[in-house]
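As a plain string of letters, each chain reads:
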Amino acid sequence: MADEEVMNVEEEVMEVEEKEPENMDPMEALQQVLQKSMHHDGLARGLREVVKALDREVAHLCVLSKSCDEPSYVKLVQTLCKSKKIPLIQVVDSKTLGEWCGLCTINDEGEAEKVVGCSSAAIVDWGQETKAREILLNHIKSQS
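Quick notes on the rules
- Residues numbered from 1 in each chain as written.
- Predicted model: local features only at pLDDT ≥ 70, side-chain atom pairs only at ≥ 80, totals over all residues.
- Heavy atoms only, no water.
- Pairing = 2+ DSSP bridges.
- Helix = DSSP H or I, 4+ residues; strand = E, 2+ residues; numbered from the N terminus.
- Axes fitted to C-alpha atoms, helices over the stretch in contact; angles between N-to-C directions.
- Core = buried A, V, L, I, M, F, W, Y, C linked by side-chain atoms within 4.5 Å.
- Buried < 20%, exposed > 50% of the residue type's maximum accessible area, 1.4 Å probe, protein only.
- Contact = heavy atoms within 4.5 Å.
- Expected span 1.5 Å × (residues − 1).
- Arc of directions from axis to C-beta.
- Right-handed = clockwise from strand over helix to strand, strands pointing away.
- Polar contact = N/O pair within 3.5 Å; in protein donor to acceptor, adjacent residues only side chain to side chain.

A.B. asks: I keep staring at the sheet that holds strand S3 (residues 88-91) and nothing clicks. Help me out?
C.D. replies: To summarise the sheet geometry, strands pair through backbone hydrogen bonds and adopt either a parallel or an antiparallel arrangement. Sheet architecture is open: four strands sit in the order S1-S6-S2-S3, paired in mixed fashion. For this open sheet the edge positions go to strand S1 (43-45) and S3, each flanked by a neighbour on one side alone. Going from strand to strand, the sheet's axes swing by 20 degrees on average, the running direction of each strand aside. Two strands pair when backbone bridges link them, and S1 and strand S6 (residues 120-123) are joined in this way by three bridges, in the antiparallel orientation.

Listed below in structure tokens is the structure:
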């Protein structure tokens, strides 16, 4: 009897998780895609890694922070993305991008601490097929 209750609860939880992504905005989808990519060792972070990934054309998507204060850096990443036809998404804050890319420590309550800013990141390996990835790709197609 207890096993049946556990199974019912698990089925309900799975249904709730599947319904959430449909209402997801592109930035939430980007956050999930970046984290999934990071867990599969498919995320390039920082200027050196991002430029290598863009130049070799192994990047599927590039993310650039709008708060980056180095104009030559921004111009380099934007030009490489444009010339290699790699989609570029801009995020408002470097600290936010750093948190999404895992450049922080997570405390006991699950909150990010000691977040290091990240000006750019590139997805080299998506990790898995997810609803968040589909939402993000649809957003990119609608922007271009």
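Once you've had a look at it, read on.
A.B. asks: Where do I start with the nonpolar core in this structure?
C.D. replies: Nonpolar side chains in soluble globular proteins tend to end up buried together. With 21 residues, the main nonpolar core has Leu30, Leu34, Leu61, Leu97, Cys101, Ile123 and Leu136 as its most contacted residues. Secondary structure elements with two or more residues in this core: helix H2 (26-39), strand S2 (61-65), S3, helix H5 (94-100), S6 and helix H6 (131-143). Sequence-distant contacts of leucine 136, defined by excluding residues within four places in its chain, comprise Pro26, Ala29, Leu30, Val33, Leu61, Ile89 and Trp126. Core analysis: the second largest hydrophobic core is formed by 15 residues, Ala59, Val77, Cys81 and Ile86 among them.

A.B. asks: Please explain helix H4 (residues 71-84) as it appears in this structure.
C.D. replies: Every α-helix carries 3.6 residues per turn, so stepping three or four residues along brings you back to the same face. The end-to-end C-alpha distance of H4, which contains 14 residues, comes to 20 Å, matching closely the 20 Å that a straight helix rising 1.5 Å per residue would cover. Every buried residue of H4 is accounted for by Tyr73, Val74, Val77, Leu80 and Cys81. On an axial view of H4, the arc spanned by its buried residues comes to 140 degrees, and they lie on one face. Exposed residues lying more than 90 degrees from the buried face of H4 are Pro71, Lys75 and Lys82.

A.B. asks: I keep staring at the environment of glutamate 113 and nothing clicks. Help me out?
C.D. replies: Here glutamate 113 shows up in strand S5 (residues 112-113). Of the residues examined, glutamate 113 reaches a relative accessible area of 37% and is grouped as partly exposed. Taking C-alpha positions, glutamate 113 is 8.9 Å from glutamate 99, a pair spaced 14 residues apart along the chain. Here glutamate 113 is in contact with Cys104, Thr105 and Asn107, once residues within four sequence places are set aside.

A.B. asks: Would you mind showing me how to read the pairing of S3 here?
C.D. replies: When a strand is regular, its side chains alternate between the sheet's two faces. Where burial is concerned, the two faces of S3 differ: the one with Ile89 and Val91 is buried and the one with Leu88 and Gln90 is not. Inspection of the sheet shows S2 paired to S3 by four bridges, in the parallel sense. Looking across to S3, one finds that cysteine 62 is bridged to leucine 88. The β-α-β motif built from S2, the intervening H4 and the parallel element S3 has right-handed crossover chirality.

A.B. asks: Looking at this structure, I do not really get the side chain of serine 65. What am I missing?
C.D. replies: Mapped onto the elements, serine 65 comes out in strand S2. A distance of 2.9 Å separates the side chain of serine 65 from the side chain of serine 94, its partner in a polar contact. The contact partners of serine 65, leaving out residues within four places of it in the chain, are Val91, Val92, Asp93, Ser94, Leu97, Cys118 and Ser119.

A.B. asks: What is the right way to look at the environment of aspartate 125 in this model?
C.D. replies: With respect to the helices and strands, aspartate 125 occurs in the loop between S6 and H6. Looking at aspartate 125, the relative accessible area reads 34%, which means it is partly exposed. For the pair formed by aspartate 125 and alanine 59, sequence separation is 66 residues and the distance between their alpha carbons is 7.7 Å. Only 3.3 Å separates the side chain of aspartate 125 from the backbone nitrogen of glycine 127, close enough to count as a polar contact.

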